[in-house]
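# An overview of the molecular structure
If you want the building blocks of each chain, they are given just below.
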Amino acid sequence: MSAIKRYESIMEQLIAKGEVTVADLAARLGVTGKTIRQDLEKLEAKGLLLRTHGGAILANEGYSGLFPDKTPNGKQTNEKYEAAMCALSFIEPNDIIALDSGSTTLQIARLLDNEPLTVITNDLYIISELIRKDQIRLVVPGGFRSRNLLVSEDAGRFLQKLNVQKAFLSTTGIHPEYGFTIFTYMHMEQKQALIRSAKQVFCVADNSKFDKCALITFAKLSDIPVIITDSGLPEATAIKYEEAGVRIEQGGSRGTKG
């Protein structure tokens, strides 16, 4: 098993249980305790966990629920709604848009009117939501099921051939140093393909995703010029990212910033 696969497994166990032991991980992953301790050391250096005697605990409870799951993440519901409503203001009739997999992009799908629009997505929940809206043309890259996603080695090449006007991407964490990050390696190629193919790229994320870092960087801050979020993002945090060159759009009572 590769190191990145071990890291994914370790973080998945941590997020599910809150703590792990070296002995359990070594047995589960089929490696030595020394290898697991080295893995935990590297993950601790990225701020993802805290090592304890014989194991590790999650560094930040805010990570709970951030690993892709079989059901949509029900946390930060109002914040996700605000961000999704803000995202709708960028969508026009007859647009060709891409909705990345995620609970906030699912909220966008729920809020879309049944009007002429082309939507590209690999998220089974979004597909289920939009299939009932007969004016919306669905484009699905296809592949095999991985939790709630359809993933394929060819999906990235397929997406780059499309004339995507606007891509709305999800993320696990947004960090000044590490950029936009996720926990699962297999989702990286599709996200990067959308960044390359779309004329406009937006990250849609509630305020809990800021100043967090996951395992894998799929984009630098400079790769996605606009982050759409909710009114709960502290002003100081918004200013910090704007000074780093990112435009922050906030939904809800504060309106939008530009």
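In case you missed it, the structure is sitting above this.
Calculation rules
- Along each chain, residue indices are assigned from 1 in the same order as the chain's sequence is written.
- Per-residue local features of the predicted model are confined to residues with pLDDT of at least 70, and side-chain atom pairs are confined, for both listing and counting, to 80 or more; whole-chain, interface and lining totals are unaffected and use all residues.
- In computing side-chain values, all of the structure's heavy atoms are included and hydrogens and water are not.
- Numbering goes from the N terminus for both helices and strands, where a helix is a DSSP run of H or I of at least four residues and a strand is a run of E of at least two.
- Working definition: with a 1.4 Å probe on protein chains only, accessible area under 20% of the residue-type maximum means buried, over 50% means exposed, and in between means partly exposed.
- Residues count as neighbours in contact if any of their non-hydrogen atoms are within 4.5 Å of one another.
- The Shrake-Rupley method, run with a 1.4 Å probe sphere, supplies the accessible areas, and residue values consider only the shown protein chains as cover.
- This count recognises Lys and Arg as positive and Asp and Glu as negative, with His and chain-terminal groups excluded.
- By convention, the charge on Lys lies at NZ, on Arg at CZ, on Asp at CG and on Glu at CD.
- Within 6.5 Å between ring centres, the rings of Phe, Tyr and Trp (the latter by its six-membered ring) count as paired, and their orientation is classed by plane angle as stacked under 30 degrees, edge-to-face over 60, tilted in between.

Moving on to the overall build of the chain. From N to C terminus, the chain includes nine helices and 15 strands. The C-alpha extent of the chain, read off along each of the three principal axes, is 55 × 40 × 30 Å. Split into buried and exposed, the 258 residues of the chain put 50% on the buried side. Put simply, 59% of the contacts in the chain that link residues at least 6 apart link residues at least 24 apart. For the chain, the accessible area works out to roughly 12,000 Å², and carbon and sulfur atoms hold 48% of it. Positive and negative side-chain charges of the chain, numbering 31 and 31 respectively, have mean locations separated by a distance of 5 Å.

Scanning the entire structure with this criterion turns up four aromatic pairs. An angle of 45° between the planes, with centres 4.9 Å apart, marks the rings of F90 and F202 as tilted. Here F202 lies in strand 12 (residues 200-204) and F90 lies in the loop between helix 4 (77-88) and strand 4 (96-99), a separation of 112 residues in the sequence. Each member of the pair, F90 as well as F202, is classed as buried. Note on F168 and F202: the rings are 5.0 Å apart at their centroids and 10° apart in plane angle, and the pair reads as stacked. Here the residue F168 occupies a position in strand 9 (residues 166-169), and F202 occupies one in strand 12, the gap between them amounting to 34 residues.

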